[in-house]
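# Per-entry structural report
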Amino acid sequence: MRLLYKLPLRWRSLFQRRAADQDLDEEVEFHLQHQIDEFVAQGMSAEEARCAALRSLGRLQQTKEECREMRHINFLENVGQDLHFGLRMLRRSPGFTVLAVLCLTLGIGANAAVFSWIEGILLRPFPMVAGQERMMAITGTSRAEAGPTAISWPDFLDLQHNCKLFDAFIVDQIMGATLNVGDHAAVVTGSVVSANYFDALGIRPILGRAFEPEENYGRNAHPVAVISYQMWKDLFHRDPAIVGKTQKFNGQPLTIIGVAPEAFHGTFVGWAMQFWVPVSMQERFVPGGYMLEDRDAPWIEGYVLRKPGVTAQQAQSELSAVAQRLEASYPETDRGHGIKLYPLWATPFNHAGSLLPILSIALGVVVFVLLIVCANVSNLLLVKAFGRRHEMTVRLSLGARRGRLLQQLITEGLLLAGAGAIGGLILARWTRNLLVLLLPKRNGSAMFLSGAVDWRVLVLSAVACLASTLLLGLVPALQTRELDLASALKSESGGVSGGRRRALAQSSLVLIQVTLSFILLVGAGLLLKSLRAVQNTNPGFSTLDVLTTFVDTKSAGYGSQRVYSFEDDLVDRLRTMPGIQSAAFARSTPFTYRPYSAAPIAVDGYVTPPGEQPVVEYNEVSAGYLPTMGIPLLSGRDFTRADNETSLPVAILNQTIATQFFRGQDPVGRRIQVKGRWLQIVGLAKDSKYSTLIEPSKPFFYVPMRQSVPGTSLFVRTSLPPRELANALSREVHTFDANLAIGEVLTMREEIDRTTAEQQVAVAMLGAFGGLALLLAGIGLYGVMSYVVSQSKREFGLRMALGARAPDVLRNVMSRGLLLTMIGIVAGVVVALGLARLLGNLLYRISPHDPLTFTLAAVVMIIASVASCFLPAWRATQIDPVRALRD
Amino acid sequence: MGKPTDLVQGTLDLLILKTMALQPMHGWGIAQRIRQISKDVLQVNQGALYPALHRLEQQGWIQAKWGESENNRRAKYYSLTRDGAKYLRRQQAQWSRLSGAIDLVLAME
């Protein structure tokens, strides 16, 4: 109730100040009049009465001021004044203002950008999708192998039917398909999804319809697709009558039934999906044959939507319980299998999982950068604050409370930080797609890793802004606390003691900067060294002189036999061309996202431990694949074209599988069972890396393409540059069949480098910020040393008058600067030793405490500090002793 | 700084509120009334009175209205709000308790 009285009063005090003041004047005047009347009644003349009344009323103005203060408006009024004053101060020194705001923009902007990446990539990665906070990734687990596994369709249906705590189970299995676009083939990325996909995510196609429930069922019964807005625009030029038309994907004609909205990119962090097909089309789009009725055929990755109010733990325990029942009901297929849920930001099957460590490191780094920036701007403010000592002293002596001065300083900090925050948010908006630029691109597959600047990012940025405001305001504020009125007013020109204290404050700020930049340097160094170690790892095959691409026989609708004969002809033709040594085909290209085939195997004389069904990856390759790739054969022979459908099924093993299953004996001549079929082992190949450079050696084998499925990946051993080969290849392929198209031509080295993209991003980011930090620390050190020199002119003058030579003075100044740096480095070493462990699995074959890196970082830091101290030190040697002593 | 050193802290508010409990009054009137009733013992200085009035108004205990004074001048009249009346009762009860307690202590032989 009191609020009803209070609010209008506050309003009036704030916005109708003049009226309120007038009222007050009138009220006091009324009182005065009464007093005069009373005195007149006591017999004074009017004039006397007025004087007496004024006397008796005492300090009228002060009373009025106190009344005003009672209106509680001074605080807000002061803020207004401070803002006004602060703006004027900033306008008066534009150089300082621009520098400070730029620094803060950088600091706050880096934070806002990383916040927006975390928000847009990890926390709410899927634009337009409803209920993301209830969405979780789902995979299988297996007692036999670590890490997530896929789930079979029958199991998936059973989970869906038996769980009560979920709104939806969604299949979302990424796959690639090739499309003929003019004379080149493009890989487009799509997804096999359950029919409820669009409805469950709350996505309505802008044209046509989403999938119907029955489109989940029937072997290849529903050749339909929903395409992305991007594909509709690029490939079909926004054809308004697209619905009902057909397009071949992987050689399979699909009827387009709908177009997804522009902002919807599917649900795979990292890639923008171009089309979606229903689960019934699995056989055509997911390698491994028809799997929809096979409980033993895992292929599904997906998501669940928890019912509102259901916690992650409840959801997980219900799923685990159902998974246990499935294990009991289907022991021969499901033994040892479980189900696991992940929050979206830890999704193991897309880029979320691999970006998580990078983004967490980035978050730490940008906080450091913000601290460094604040220290730097504080330093600038400190210089200004000292210049304003006179102003502050005068204000204090006129009766300003220190709190009032503090308010003024904080307001000025807020102005700077606020401008920085606005700039920072603009920066974050500009850089929201920066990660996509940093990561290597792949033709045809649009990457989608966009930051989102939403209210949460705004709030966090505001917090960063306020935190920096406090840091900025605090240092000069502490400085005013030490203002001593009398002495400050007296010795305006240059109190040495005040200067000492200020130099101390400045030095501590520089110390902080040196420490933090040293830590960033160490981080950048460690990651760089680790990246080098990864890149220098021998993949076990030739990287520079092997080019890879693919020939899109699928879109052209070739059958297996036609593929084999075409590929043989092409390889023969290529071999005759100058500069080309050999060529071969395979189904999978090493180091790409698309998975290898995998199968459970059995070996004569090797007893499988119970509960363990060894599943081994393999590649289907043509004759000449191993020599083309440069993978040495240790024993036996390579495949030949005679290893075909009619001859004895054969295989070549790698060393690891031979060691594991044949106890190191030469397996050539023995047999291995794959998917129930016995294969004769004809060769033993040297181990190589298959998917990433940092994987441990793993069992692997090769089978001839002609005894399995055709592949379209082409490998050419050549000294030709990729562009030249691409042209030659295009020509050759076109002479065979004008309908055929080839994909992007890359060296195997480029293919490998794409797998280290995350490390590269981390190195680039830490390197850039480390360099920036070094620069800022250098500027800070320069500022302090310049100040020290300017304050100690007399001291240096005296020294020189007493016989010190220029080198002595130089050494003196330099050693002060280096001392600061050294202390900073020591502090940095201590902190960095603790923090480096956080780099964790981004470090490969390098200790987080690598002494060489620490030494190098220290050397760089020292060089930088020598560089920044030199100019002030040189200036000290130029001091004219006579003049310095006379002043 | 203008605080009523001759009054126990906080009693000025009580006196002001009590004085205007019967009818709306202007500042001068309040000061005069307190002086009269207390037989010139309590003299409220305007330097304390007006800030107190403004504070009480800001706190919502009293409200102000401009009106005509007895000698036809424009004057600001203060009156108790409903919350102010309650506040006064509470304060008065507390004061009685306090002064009673002090009396008891002082009456000790």
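Residues numbered from 1 in each chain as written. Chains lettered and ligands numbered in written order. Predicted model: local features only at pLDDT ≥ 70, side-chain atom pairs only at ≥ 80, totals over all residues.

Our focus in this paragraph is the overall build of chain B. Per the secondary structure count, chain B includes four helices and three strands. Helices and strands in chain B line up, N terminus first, as α-β-α-α-β-β-α. For chain B, the residues scored as buried account for 34% of the 109 residues in total. Across chain B, every contact between residues at least 6 apart in sequence was considered, and the portion connecting residues at least 24 apart equals 49%. (Helix = DSSP H or I, 4+ residues; strand = E, 2+ residues; numbered from the N terminus. Buried ≥ 20, exposed ≤ 12 C-beta atoms within 10 Å, placed from the backbone. Contact = placed C-beta atoms within 7 Å.)

This part takes up the overall build of chain A. Each helix and strand in chain A was counted, giving 29 helices and 23 strands. Across its three principal directions, the C-alpha atoms of chain A cover 135 × 80 × 55 Å. Each of the 887 residues in chain A was classed as buried or not, and the buried ones make up 44%. Considering only residue pairs separated by 6 or more positions, chain A has 81% of its internal contacts joining residues 24 or more positions apart.

What follows covers the sheet that holds strand β3 (residues 74-80) of chain B. All names here are of chain B. Taken in spatial order, the three strands of this open sheet run β1-β3-β2, and their pairing is antiparallel. Because the sheet does not close on itself, it has two edges, and the strands there are β1 (25-26) and β2 (62-68). Sheet topology note: the β1/β3 ladder contains two bridges and is antiparallel. Bridge pairing links His-26 to Tyr-77 in β3. (Pairing = 2+ DSSP bridges.)

All right, on to the confidence of the model for chain B then. All names here are of chain B. Looking at chain B, pLDDT values average 82 and 90% of them are 70 or higher. When pLDDT is averaged over each helix and strand of chain B, the minimum, 83, is found for helix α3 (residues 46-59) and the maximum, 89, for β1. Scored below 50 in pLDDT, residues 1-6 makes eight contacts in the model with residues more than four places away or belonging to other chains. Across the assembled chains, the prediction reports ipTM 0.81 with pTM 0.70. (pLDDT = per-residue confidence, 0-100.)

For the rest of this paragraph, the subject is the pairing of β3 of chain B. All names here are of chain B. Pairing of β2 with β3 involves seven bridges; the strand directions are antiparallel. Looking across to β3, one finds that Ile-62 is bridged to Leu-80. Counting the residues in the hairpin turn of β2 and β3 gives five residues, including Asn-72, whose phi is positive at 60 degrees.

Below, the discussion takes up α3 of chain B. Along an α-helix, residues three or four positions apart point the same way, because every turn accommodates 3.6 residues. A rise of 1.5 Å per residue sets the reference length of α3 of chain B, with its 14 residues, at 20 Å; its end C-alpha atoms lie 20 Å apart and thus fit the reference within 8%. In terms of residue burial, α3 of chain B counts as a mostly covered element, since 11 of its 14 residues are buried. (Expected span 1.5 Å × (residues − 1).)

Here the focus is the confidence of the model for chain A. When pLDDT is low, close inspection of the predicted coordinates is not appropriate. The pLDDT averaged across chain A works out to 84; a share of 91% of its residues lies at or above 70. Note on residues 491-497 of chain A: pLDDT is under 50 here. Beyond four places in sequence and across chains, it has four contacts.

Let us look at helix α23 (residues 722-736) of chain A. All names here are of chain A. The first and last C-alpha atoms of α23 sit 21 Å apart over 15 residues, in line with the 21 Å expected at 1.5 Å per residue. Residues of α23 that are buried: Leu-725, Leu-729 and Val-733. Down the axis of α23, the sector holding all buried residues measures 60 degrees, keeping them to one side. For α23, exposure combined with an orientation more than 90 degrees from the buried face picks out Arg-723, Asn-727, Arg-731 and Thr-735. Of the surrounding secondary structure, the elements contacted by the buried residues of α23 are β13 (546-550), α20 (560-575) and β22 (713-718). (Arc of directions from axis to C-beta.)

The next point concerns the packing of helix α25 (residues 757-791) of chain A against helix α27 (residues 806-835) of chain A. Two quantities define a packed helix pair, namely the angle between the helix axes and the distance between the axes. Residues and elements named next belong to chain A. At a minimum axis separation of 11 Å, α25 and α27 run at an interaxial angle of 140 degrees. Taken as axis vectors, α25 and α27 run oblique relative to one another. Considering only the axes of α25 and α27, their crossing is right-handed. In this structure, α25 uses Leu-781, Met-785, Val-788 and Val-789 to contact α27, whose residues at the interface are Val-813, Arg-816, Gly-817 and Leu-820. When its residues are assigned to classes, the contact of α25 with α27 shows six nonpolar, one polar and one charged. (Axes fitted to C-alpha atoms, helices over the stretch in contact; angles between N-to-C directions. Parallel < 35°, antiparallel > 145°, perpendicular 65-115°, else oblique. Left-handed = near helix turned anticlockwise from the far one by under 90°. Nonpolar A, V, L, I, M, F, W, Y, C, P; charged D, E, K, R; others polar.)

A few words now on the environment of Leu-435 of chain A. Considering the arrangement of structural elements, one finds Leu-435 of chain A in helix α16 (residues 434-438). Sequence-distant contacts of Leu-435 of chain A, that is, excluding residues within four places in its chain, are made with Trp-117, Leu-449 and Val-761 of chain A.

This part covers unusual backbone geometry. Of note in the backbone geometry, Met-128 of chain A takes a positive phi value of approximately 75 degrees without being a glycine. The topology assignment puts Met-128 of chain A in the loop between α6 (94-123) and β1 (135-142). Look at Met-128 of chain A and you get partly exposed, because 15 C-beta atoms sit within 10 Å. The phi torsion at Lys-39 of chain B lies on the positive side, around 55 degrees, for a residue other than glycine. Locating Lys-39 of chain B in the fold gives a position in the loop between α2 (27-37) and α3. Overall, the presence of 7 C-beta atoms within 10 Å leaves Lys-39 of chain B in the exposed class.

All right, on to the packing of α20 of chain A against α23 of chain A then. Residues and elements named next belong to chain A. Remark: α20 packs on α23, axes separated minimally by 11 Å, with the N-to-C direction vectors making an angle of 135 degrees. By the angle between their directions, the pair α20 and α23 is classed as oblique. As α20 runs across α23, the sense of the crossing is right-handed. From α20, Phe-566, Asp-569, Leu-570, Arg-573 and Leu-574 reach across to α23, where they touch Glu-732, Val-733 and Phe-736. Taken together, the residues of the contact of α20 with α23 sort by class into five nonpolar, no polar and three charged.

Once that is clear, we can look at the environment of Met-136 of chain A. Along the chain, Met-136 of chain A falls in strand β1. Every residue in contact with Met-136 of chain A, bar those within four places of it in the chain, is listed here: Tyr-303, Val-304, Arg-306, Ala-312, Ala-315, Leu-341, Tyr-342, Pro-343 and Leu-344 of chain A.

Our focus in this paragraph is the pairing of strand β19 (residues 671-674) of chain A. Residue and element names in this part refer to chain A. By the bridge criterion, three bridges tie strand β15 (residues 597-603) to β19 in an arrangement that is antiparallel. Pairing of Ala-602 across the sheet is with Gln-673, part of β19. Where β19 meets strand β20 (residues 677-685), four bridges bridge the pair, whose relative direction is antiparallel. The partner of Arg-671 across the bridge, within β20, is Gln-680. Where β19 hands over to β20, the hairpin turn is made up of two residues, of which Lys-675 adopts a positive phi near 50 degrees.

Right, let's get into the environment of Met-705 of chain A. Residue and element names in this part refer to chain A. Looking at where Met-705 falls in the secondary structure, it is placed in the loop between β21 (700-704) and β22. For Met-705 and Tyr-564, which are 141 residues apart along the polypeptide, the C-alpha to C-alpha distance reads 8.5 Å. Here Met-705 is in contact with Phe-585, Arg-587, Glu-620, Val-621, Ser-622, Pro-710 and Gly-711, once residues within four sequence places are set aside.

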